Amino acid sequence: MTMKRRTKVTIISLSFVLIAATVVFLFVRMAPVPPLEKIEKARIAISEAKKVRADSYAPTLFLESEKLYQSAISKWKAENAKFILKRDFSSIDAIVDLSVSKAKEAKNKALSHSSDLHTSLGATIKSLGRSIEKYDDLISNLPLRNKVVQDYEKGKMLLNEAKYDYKLKNYLVCKKKIDGSSKYLNDSFASVKSYLKDYFTNYSSWTEWNNSTINISKKNKTTALIVDKYAKKCYIYKSGKLKHTFDVELGKNWIGAKLYKGDKATPEGVYHVTKKLQGKKTKYYKALLINYPNQTDKNRFDREKKRGTLSKRAQIGGLIEIHGGGGKGVNWTEGCVALRDSEMDIVFRETDEGTTVTIVGSLLRLSEIVDF
Amino acid sequence: MKNRILLSLITVITMAFMTSCNKPPQVEIDAATLALSEAKAAGADLYLPDQYNAVQDSMNVAMQTIEAKKSKWFARYGESVKQLEAIKVKAGEVKANTEVRKNEIKLEVENTLTEVTALLAEDKELLAKAPRGKEGKEVLDAITSELSVLETTATEVSGLLASGDLLSAQSKVNAAKEKATSIKAELEEAIAKKKGGKK
């Protein structure tokens with residue numbers, strides 16, 4: 001090859017390379033650029049939202065933001081698969097912008113939601129705690145159905161678990177447990193409320209019996225016994241004046257009037273002593289037999305039997321006494337009123353056959369006993 | 001003739017240079033993705049959420065970097081390969097850490113459950129010795145109810161442990177321990193008062 005020809009080939013080759021390099025340079029300059037900064041912004045916004053548990057506290061917004069981000073990445077991938085000059089990243093801009101705004105919104109919502117939960121759950125925990133303090137004595141003292149007591153205990157247990165999650169700032173788990181606890185506790189509280197409210201509908205009769213018993217005692221200068229079932233107290237009046245107050249124990253199911261034999265309820269009404277028993281005649285030290293069932297009790301028993309609320313085999317019962325053997329600290333009798341032997345001595349001494357024995361549900365209004 | 005061959009060669013090389021680019025490191029992407037899924041399946045997002053989220057975020061960064069490189073003419077994935085390999089290793093660590101954390105919680109729950117069972121037995125013994133004087137019976141009845149709920153809770157904890165719901169088991173067993181301990185203190189106080197009264 002001649003020198004001239006070699007030079008010609010070299011020039012052609014160099015020109016070709018130069019043209020190619022220029023084309024490449026122009027392609028690189030003309031190629032569309034993806035919105036890298038915006039995509040990075042979206043990633044950071046999502047990461048920050050996740051740090052404040054937006055996936056839990058603002059799940060809808062957070063998921064929307066994540067989906068938008070993933071959709072932007074998918075579109076990016078799809079565009080990257082095209083020839084460089086045919087790529088179009090314009091639609092990605094709007095998607096990542098929306099992803100950023102949703103992620104920021106999710107973050108703010110999560111912060112505010114968790115802060116709200118912190119406050120509201122803390123308040124609910126305190127409020128349930130106060131209710132438990134109020135109802136604890138009531139629930140342990142009232143003859144309630146087993147389910148009511150079990151619900152109450154389950155509610156207390158769930159509240160303890162909720163307190164643990166609250167300390168760990170697991171507010172959503174805590175809320176779930178608080179909701180469960182509230183349900184159990186409020187159900188049991190509602191049962192107690194309605195139970196007592198039903199019972200106290202007789203309050204006006206109880207007041208009437210009490211006032212009339214004291215007035216008769218005053219007028220006739222006689223002794224009278226008044227038993228307050230709710231307060232578990234027995235009062236001795238002489239000539240209308242209160243002389244003694246003693247603690248008493250009642251039938252296991254002491255709430256409500258006695259309806260039938262074996263219901264372990266202590267009757268309510270105005271009675272009188274029919275017989276004084278002591279020594280071998282009673283197994284509870286000393287006893288005052290009263291005239292249960294009186295006519296009101298008999299009428300009620302017949303009515304309930306006719307209604308079918310009592311079985312046909314039910315009997316009205318009897319042998320209700322004020323007797324000794326008390327001081328056990330529990331309502332244990334079959335329906336009688338039990339006192340400590342030493343106090344029974346006084347009651348026995350102060351009473352005669354014919355002495356009025358008035359048994360009431362409560363001398364205090366329900367609102368004076370418990371603030372529902 | 002020689003010139004034509006030379007020109008063709010230059011053309012081919014130039015075209016290859018212009019059109020060719022490295023392929024994304026799909027093997028490494030798949031391996032890192034799999035490692036992340038395994039960490040999640042192990043419960044990393046529940047038991048070690050911060051660690052898991054950090055690796056997930058690194059994966060997002062890596063994928064963004066790869067796409068950014070794909071958007072250019074001459075992609076070099078060497079850095080991305082290193083990044084993905086590091087993510088794979090980190091995800092593996094998070095998975096291992098999750099297993100360790102789960103075992104720690106499991107052991108803690110089992111130990112606490114043993115304590116609760118022992119406390120329940122102690123509570124029952126104390127209950128038998130507790131005074132049943134005035135108002136005592138009602139209190140003891142209430143404690144009996146509480147112990148019955150505690151026994152149910154202990155059974156529930158065993159069930160949660162068996163099903164692998166360790167976090168629920170953890171809060172339940174700790175609440176049960178607190179309750180059983182407070183019952184024990186209440187009974188011991190009542191018994192101590194009774195003994196004091198006899199002096």
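Residues numbered from 1 in each chain as written. Chains lettered and ligands numbered in written order. Predicted model: local features only at pLDDT ≥ 70, side-chain atom pairs only at ≥ 80, totals over all residues. Heavy atoms only, no water.

Caption draft 1: Looking closely at empty space enclosed by the protein. For the coordinates displayed, the defined rule picks out 1 cavity of 30 Å³ or more. Lining the largest cavity, in full, are Glu153(A), Lys156(A), Met157(A), Glu146(B), Val149(B), Leu150(B) and Lys179(B). Mapped onto the lining of the largest cavity, the elements with two or more residues apiece are α6 (146–167) of chain A together with α6 (136–163) of chain B. The residue makeup of the lining of the largest cavity, split by class, is 3 nonpolar, no polar and 4 charged. (1 Å grid on protein atoms, 1.4 Å probe; cavity = no way out; pocket = protein on both sides within 12 Å on 5 of 7 lines; lining within 4 Å. Points joined across faces, edges and corners; volume = space filled by probe spheres on them. Helix = DSSP H or I, 4+ residues; strand = E, 2+ residues; numbered from the N terminus. Nonpolar A, V, L, I, M, F, W, Y, C, P; charged D, E, K, R; others polar.)

Caption draft 2: Summary view of the interface of chain A and chain B. Tallying the contact residues gives 49 residues for chain A and 42 residues for chain B. Roughly 3800 Å² is buried in total at the junction of chain A and chain B, and carbon and sulfur atoms are behind 60% of that figure. Our count for the chain A to chain B interface comes out at 3 salt bridges. Note that Glu146(B) is salt-bridged to Lys156(A), the shortest N-O span being 2.9 Å. Counting the contacts that link chain A with chain B gives 13 residue pairs in polar contact (both at pLDDT 80 or more). Those elements giving two or more residues to the side of chain A that touches chain B turn out to be α1 (3–30), α2 (36–51), α4 (59–80), α5 (90–141) and α6 of chain A. The residue inventory of the side of chain A that touches chain B, partitioned by class, reads 23 nonpolar, 10 polar and 16 charged. (Contact = heavy atoms within 4.5 Å. Buried area = accessible area lost by both parts, 1.4 Å probe. Salt bridge = Lys/Arg side-chain N within 4 Å of Asp/Glu carboxyl O. Polar contact = N/O pair within 3.5 Å; in protein donor to acceptor, adjacent residues only side chain to side chain.)

Caption draft 3: Here's a closer look at the environment of Met157(A). Turning to its location among the elements, Met157(A) is positioned in helix α6. Measuring from C-alpha to C-alpha, the distance between Met157(A) and Val23(A) comes to 77 Å, with 134 residues separating the pair along the chain. Not counting residues within four places of it along the chain, the set of residues in contact with Met157(A) comprises Val149(B), Leu150(B), Thr153(B), Lys172(B), Ala175(B), Ala176(B) and Lys179(B).

Caption draft 4: Up close: the confidence of the model for chain B. Residue and element names in this part refer to chain B. Overall, the predicted model of chain B reaches an average pLDDT of 86, with 83% of residues at or above 70. Mean pLDDT in chain B bottoms out at helix α1 (residues 2–19), which sits at 56, and peaks at helix α2 (residues 26–41), which reaches 97. Quick note on the complex model: pTM equals 0.77, ipTM equals 0.79. (pLDDT = per-residue confidence, 0-100.)

Caption draft 5: Layout of the nonpolar core. Ranked by internal contacts, the top residues of the largest apolar core, which has 83 residues, are Leu142(A), Val192(A), Leu196(A) and Ile322(A). The residues touching Leu196(A), leaving out its near neighbours within four places in the chain, are Leu138(A), Leu142(A), Tyr230(A), Ile255(A), Leu366(A) and Phe372(A). By size, the runner-up hydrophobic cluster in this structure holds 29 residues, among which are Leu119(B), Leu127(B), Leu140(B) and Val173(B). (Core = buried A, V, L, I, M, F, W, Y, C linked by side-chain atoms within 4.5 Å. Buried < 20%, exposed > 50% of the residue type's maximum accessible area, 1.4 Å probe, protein only.)

Caption draft 6: Examining a positive patch on the surface more closely. Residues and elements named next belong to chain A. There is a patch of like positive charges on the surface, built from Lys218, Lys221, Lys241 and Lys243. With respect to the helices and strands, lysine 218 occurs in helix α8 (residues 203–220). With relative accessibility at 55%, the residue lysine 218 sits in the exposed group. (Patch = residues over 30% accessible without salt bridge, like charges linked within 9 Å, V, L, I, M, F, W, Y side chains within 5 Å. Areas by Shrake-Rupley, 256 points an atom, 1.4 Å probe, with all protein chains shown as cover. Lys, Arg positive; Asp, Glu negative; His and termini not counted. Charge placed at Lys NZ, Arg CZ, Asp CG, Glu CD.)

Caption draft 7: Representation of the packing of α5(A) against α6(A). Residues and elements named next belong to chain A. Orientation of α5 relative to α6, taken along the N-to-C sense of each, is 150 degrees, at an axis distance of 11 Å. Classified by the interaxial angle, the pair formed by α5 and α6 is roughly antiparallel. Judged by the sense of rotation from one axis to the other, the crossing of α5 with α6 is left-handed. Each of His118, Leu121, Gly122, Ile125, Leu128, Gly129, Ile132, Tyr135, Asp136 and Ile139 in α5 lies in contact with α6, whose residues at this interface are Val149, Tyr152, Lys156, Leu159, Lys163 and Tyr166. Of the residues in the contact of α5 with α6, the class split is 10 nonpolar, 3 polar and 3 charged. (Axes fitted to C-alpha atoms, helices over the stretch in contact; angles between N-to-C directions. Parallel < 35°, antiparallel > 145°, perpendicular 65-115°, else oblique. Left-handed = near helix turned anticlockwise from the far one by under 90°.)

Caption draft 8: Region of the structure containing the sheet that holds strand β5 (residues 286–290) of chain A. Residues and elements named next belong to chain A. Here 8 strands make up an open sheet; going across it, the order is β3-β2-β1-β8-β4-β5-β6-β7 and the pairing mixed. This sheet does not close on itself; its edge strands, each paired only once, are β3 (241–247) and β7 (337–338). Looking at chain direction, strand β2 (residues 233–238) and β3 are connected through 6 bridges and run antiparallel. Among the inter-strand pairings, cysteine 234 is bridged to a residue of β3, identified as phenylalanine 246. (Pairing = 2+ DSSP bridges.)

Caption draft 9: How the structure looks around the pattern of salt bridges. Scanning all chains against the criterion turns up 36 salt bridges over all chains. Here Lys38(A) and Asp93(A) are joined by a salt bridge, their closest N and O atoms 3.2 Å apart. Taken together, the residues span a long stretch of sequence, with Lys38(A) in helix α2 and Asp93(A) in helix α5 at a distance of 55 residues. By relative accessible area, which is 30% here, Lys38(A) ends up partly exposed. By relative accessible area, which is 26% here, Asp93(A) ends up partly exposed. Close ionic contact of Lys258(A) with Asp263(A) constitutes a salt bridge, the shortest N to O distance being 2.8 Å. Grouping residues by exposure puts Lys258(A) and Asp263(A) together as buried. What emerges from the salt-bridge pattern is a single network uniting Asp136(A), Glu153(A), Lys156(A), Glu146(B) and Lys179(B).

Caption draft 10: Inspection of helix α10 (residues 341–350) of chain A at higher detail. Within the span of α10(A), buried status applies to Glu343(A), Met344(A), Ile346(A), Val347(A), Phe348(A) and Glu350(A). Buried residues belonging to α10(A) abut β1 (223–228), β2, β3, β4 (269–278), β5 and β6 (321–323) of chain A.

Caption draft 11: Representation of the side chain of Asp263(A). Residues and elements named next belong to chain A. Position of aspartate 263 among the secondary structure elements: in the loop between β3 and β4. Classification of aspartate 263 as buried rests on a relative accessible area of 9%. Side-chain polar atoms of aspartate 263 contact the side chain of lysine 258, separated by 2.8 Å. Polar contacts involving the side chain of aspartate 263 include one to the main-chain amide nitrogen of leucine 259, which spans 2.7 Å. What aspartate 263 contacts, discounting residues up to four positions off in sequence, is Asn253, Ala257 and Lys258.

Caption draft 12: Up close: unusual backbone geometry. All names here are of chain A. Omega for the bond connecting tyrosine 292 with proline 293 falls within 30 degrees of zero, at -5 degrees, which places this linkage in the cis form. Along the polypeptide, proline 293 turns up in the loop between β5 and α9 (295–307). Backbone geometry at lysine 232 places phi at a positive 55 degrees, although glycine is not the residue there. Looking at where lysine 232 falls in the secondary structure, it is placed in the loop between β1 and β2. Looking at lysine 232, the relative accessible area reads 17%, which means it is buried.

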